[in-house]
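# Inside the fold
One letter stands for each residue in the lines below.
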Amino acid sequence: VDELDRAEASIAMGRYDDALAAANRVLDLVERRLSEWENVARALRAQALHGLGRGEEASSEIAAAIAACPPGADGCRWRSRCNALQLEIRTSLGSPWPAQEAADLADQMLQSKLYHWAIDLMCARAVHEKDDEIAAKGRNAARPRVWPTLESDPKRRLRRRFRAAAPGDHHPMGGRLQFGMP
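Each helix and strand in the protein was counted, giving nine helices and zero strands. Seen in sequence order, the protein has helices and strands lined up from the N terminus as α-α-α-α-α-α-α-α-α. Counting the 182 residues in the protein, one finds 38% classified as buried. A separation of at least 24 residues holds for 45% of the contacts in the protein among residues at least 6 apart in sequence. By element, 50% of the accessible surface of the protein is carried by carbon and sulfur atoms, the whole surface being about 10,300 Å².

This is how it looks when you write it as structure tokens:
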């Protein structure tokens, strides 16, 4: 679990080399002992590879993550997340942004109460479709459901802080925020 958290935090901070190394360790463990987590490990690897600009490898990895998702309702959550990542990876490789497919997937995520991932996808839509209102709609739709949980869960508060501040940014209460991976 520490390596999983390290990979996610590194991705959130844009430290893709660290994320890939942690995701590789997660995948190694998963392949040896926890095969039902393969989709999660491969999705993290795909994100890290995508962040490093290694699009072809990221594309192969996200396809493997989707294939590793359980069928039916059991795999719906991660399959949705992987499909959203796949849209971004394909677009980075030169495919046109599939606006309708992204809109349908974001709607499905919102209906399935996958608010964090829906917000991420709606932000990607806003960038690719050059429409800031899309991100605002996602934020507003999810706010009453998501934000209270962010404040009550220490791990989520930490992740939110990682996403909100880059290393070395000034903390509003004074001093500098220092983020480092042990």
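Within the structure shown, the criterion is met by 13 salt bridges. Residue Asp-120 pairs with Arg-81 through a salt bridge whose shortest N-O separation is 3.9 Å. Of this pair, Asp-120 sits in helix α7 (residues 115-128) while Arg-81 sits in helix α5 (residues 76-92), placing them 39 residues apart in sequence. Residue Asp-120 is classed as partly exposed on the basis of its relative accessible area of 34%. Owing to a relative accessible area of 9%, Arg-81 belongs among the buried residues under this scheme.

A word on a nonpolar patch on the surface. A contiguous nonpolar surface patch, about 240 Å² in accessible area, is contributed by Leu-29, Leu-34 and Trp-37. In this fold, Leu-34 is placed in the loop between α2 (16-33) and α3 (38-51).

Take the confidence of the model for the protein next. Detail in the predicted coordinates should be disregarded across regions flagged by low pLDDT. Per-residue confidence for the protein gives a mean pLDDT of 80, with 76% of residues at or over 70. Within the protein, no element has a lower average pLDDT than helix α9 (residues 154-164), which sits at 45, and none a higher one than helix α4 (residues 55-68), at 96. Low pLDDT, under 50, characterises residues 147-155; the stretch is placed with 13 contacts to residues that sit more than four places away or in other chains. Low pLDDT, under 50, characterises residues 157-182; the stretch is placed with 37 contacts to residues that sit more than four places away or in other chains.

Moving on, we get to the packing of α5 against α7. One way to put it is that α5 packs onto α7 with a least axis distance of 11 Å and a crossing angle of 20°. Our classification of the angle between α5 and α7 gives roughly parallel. Considering the relative orientation of α5 and α7, their crossing is left-handed. Judged by residue contacts, Arg-77, Trp-78, Arg-81, Ala-84, Leu-87, Glu-88 and Thr-91 of α5 engage Trp-117, Asp-120, Leu-121, Ala-124 and His-128 from α7.

It is worth spelling out the packing of aromatic side chains at this point. Per the counting criterion, the structure on display carries one aromatic pair. Consider the rings of Trp-78 and Trp-117, whose centres lie 4.9 Å apart with planes at 65°: the pair is edge-to-face. On the criterion of sequence distance, the pair formed by Trp-78 in helix α5 and Trp-117 in helix α7 is long-range, its members being 39 residues apart. Given the relative accessible area of 16%, Trp-117 is considered buried.

The phi dihedral of Lys-113 is positive, around 65°, even though this residue is not glycine. Mapped onto the secondary structure, Lys-113 falls in the loop between α6 (99-111) and α7. For Lys-113, a relative accessible area of 60% gives the class exposed. You will see that Lys-130, though not glycine, has its phi angle at about 50°, which is positive. Mapping Lys-130 onto the fold places it in the loop between α7 and α8 (132-152). Exposure remark for Lys-130: the relative accessible area of 73% places this residue in the exposed category.

Rules of the game
Residues numbered from 1 in each chain as written. Predicted model: local features only at pLDDT ≥ 70, side-chain atom pairs only at ≥ 80, totals over all residues. Heavy atoms only, no water. Helix = DSSP H or I, 4+ residues; strand = E, 2+ residues; numbered from the N terminus. Buried < 20%, exposed > 50% of the residue type's maximum accessible area, 1.4 Å probe, protein only. Contact = heavy atoms within 4.5 Å. Areas by Shrake-Rupley, 256 points an atom, 1.4 Å probe, with all protein chains shown as cover. Salt bridge = Lys/Arg side-chain N within 4 Å of Asp/Glu carboxyl O. Patch = residues over 30% accessible without salt bridge, like charges linked within 9 Å, V, L, I, M, F, W, Y side chains within 5 Å. pLDDT = per-residue confidence, 0-100. Axes fitted to C-alpha atoms, helices over the stretch in contact; angles between N-to-C directions. Parallel < 35°, antiparallel > 145°, perpendicular 65-115°, else oblique. Left-handed = near helix turned anticlockwise from the far one by under 90°. Phe/Tyr/Trp six-rings, centres within 6.5 Å; stacked < 30°, edge-to-face > 60°.

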